[in-house]
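Chain by chain, the residues:
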Amino acid sequence: MTTSILKFGSYTFGASFHVASTPGDSALQVDSVPYRDGAIVSTPRIAEKIIEVRGMLYSDTSTLRTKMDALQAAMNVGRQKLYLHADRFIYAIKKSFTTSYDPSSFDRYCDVSITFVCDTGLYESETESSDTWASPASGGTRVVASAGNASALPVYALTFATAGTANVRLACGSLYFSLTGAVGAGDVIQVDAAAKTVKLGSTGADKILLFDGTFFGLAPGDNTLTYTYVSGPAVSQIVTTWRDRWY
């Protein structure tokens with residue numbers, strides 16, 4: 001059973017707070033076309049998400065000012081994880097913070113409205129998923145399942161058994177990337193589809209010169225990975241790690 005929670009960073013909102021709005025807009029470019037009706041509309045992508053949280057602070061064992069100080073401090077710490085449920089989050093930044101005091105109850109309670117901007121536009125699983133493909137054979141396939149309803153952006157970690165000049169490929173459908181160049185025995189080359197980086201796992205050294213192709217993600221549901229060995233050191237293991245994502 002999913003547990004509802006309203007939390008920003010390390011701050012957990014009180015029971016009086018609730019989510020007032022969680023729209024999911026698309027970003028579109030619309031250009032008029034001379035001498036014809038209608039317009040050219042770009043391929044839609046997910047825009048930033050705007051989430052509004054409302055609630056009430058009230059004094060009990062703590063003064064209202066003390067509670068307001070704590071809330072203001074927690075909202076002004078920059079980009080943090082915003083939770084609406086315990087099992088998934090979205091990265092958010094506080095955009096606006098408004099208050100409404102009843103003049104007759106200034107020291108007793110206050111209505112609060114907070115607007116967050118979520119730059120990724122998608123919720124991510126709190127738990128990271130991982131799949132280990134041991135001793136892949138050239139031409140072999142591996143099914144990796146993503147449980148979200150939006151594309152996940154994994155890290156593919158390929159371990160090379162021996163030193164030499166490698167030439168291998170990892171594909172998912174028609175999308176693929178190749179790693180070609182010098183590697184050491186036991187080197188783990190991490191291809192990060194979100195950050196668009198290729199690094200040596202042990203040191204973080206940049207290995208983008210090995211890379212050619214696409215930083216492909218995982219579609220919702222089953223994804224079939226195909227490993228191809230061309231020459232040089234073979235890959236002894238492929239570890240795929242990702243967080244399921246939702247609109």
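Our subject is the structure that appears above.
Here, residues in each chain are numbered from 1, in the same order as that chain's written sequence. The model is predicted, so local features are restricted to residues of pLDDT at least 70 and side-chain atom pairs to those at 80 or more, both for listing and for counting; the totals for chains, interfaces and linings are taken over all residues. Computation of side-chain values: all heavy atoms of the structure, hydrogens and water removed.

Student: How should I be thinking about the sheet that holds strand β22 (residues 235-242) in this particular structure?
Tutor: Within a sheet, each strand pairs with its neighbour through backbone hydrogen bonds, oriented either parallel or antiparallel. Strands pair, by our definition, only if DSSP identifies at least two bridges between them. The numbering of helices and of strands both runs from the N terminus, where a helix is a DSSP run of H or I of at least 4 residues and a strand a run of E of at least 2. Taken together, 5 strands build an open sheet; the order of strands is β13-β22-β15-β18-β19 and the sheet is antiparallel. The open sheet has two edge strands, β13 (129-134) and β19 (197-200), and neither has a second partner. Adjacent strand axes in the sheet meet at a mean angle of 15° when their direction is disregarded. Judged from the 4 bridges that link them, strand β18 (residues 188-192) and β19 form a sheet pairing that is antiparallel. Each residue of the ladder has a partner; that of Gln 190, found in β19, is Lys 199. Interaxial angles span 0 to 180 degrees and are taken between N-to-C directions of axes, which are lines fitted to C-alpha atoms, for helices over the stretch in contact.

Student: Would you explain the pattern of salt bridges in this entry?
Tutor: For side chains bearing opposite charge, pairing can occur when the charged atoms are close. Should a side-chain nitrogen of Lys or Arg be within 4 Å of a carboxyl oxygen of Asp or Glu, the pair is scored as a salt bridge. The full count for this structure, using the stated rule, is 5 salt bridges. Notably, a salt bridge pairs Asp 60 with Lys 67, separated by 3.1 Å at the nearest N-O pair.

Student: In this structure, what is going on with the pairing of strand β1 (residues 4-8)? I would like to understand it.
Tutor: Successive side chains on a regular strand alternate, one facing one side of the sheet and the next facing the other. Bridge count between β1 and strand β9 (residues 80-85): 3 bridges; the pairing is antiparallel. Its bridge partner being in β9, Lys 7 is matched across the sheet by Tyr 83. Sheet analysis places β1 next to strand β2 (residues 11-12), joined by 2 bridges and oriented antiparallel. In the sheet register, Lys 7 faces β2, and the bridge partner there is Thr 12. Counting the residues that bridge the hairpin from β1 to β2 gives 2 residues, and of these Gly 9 lies at a positive phi of roughly 60°.

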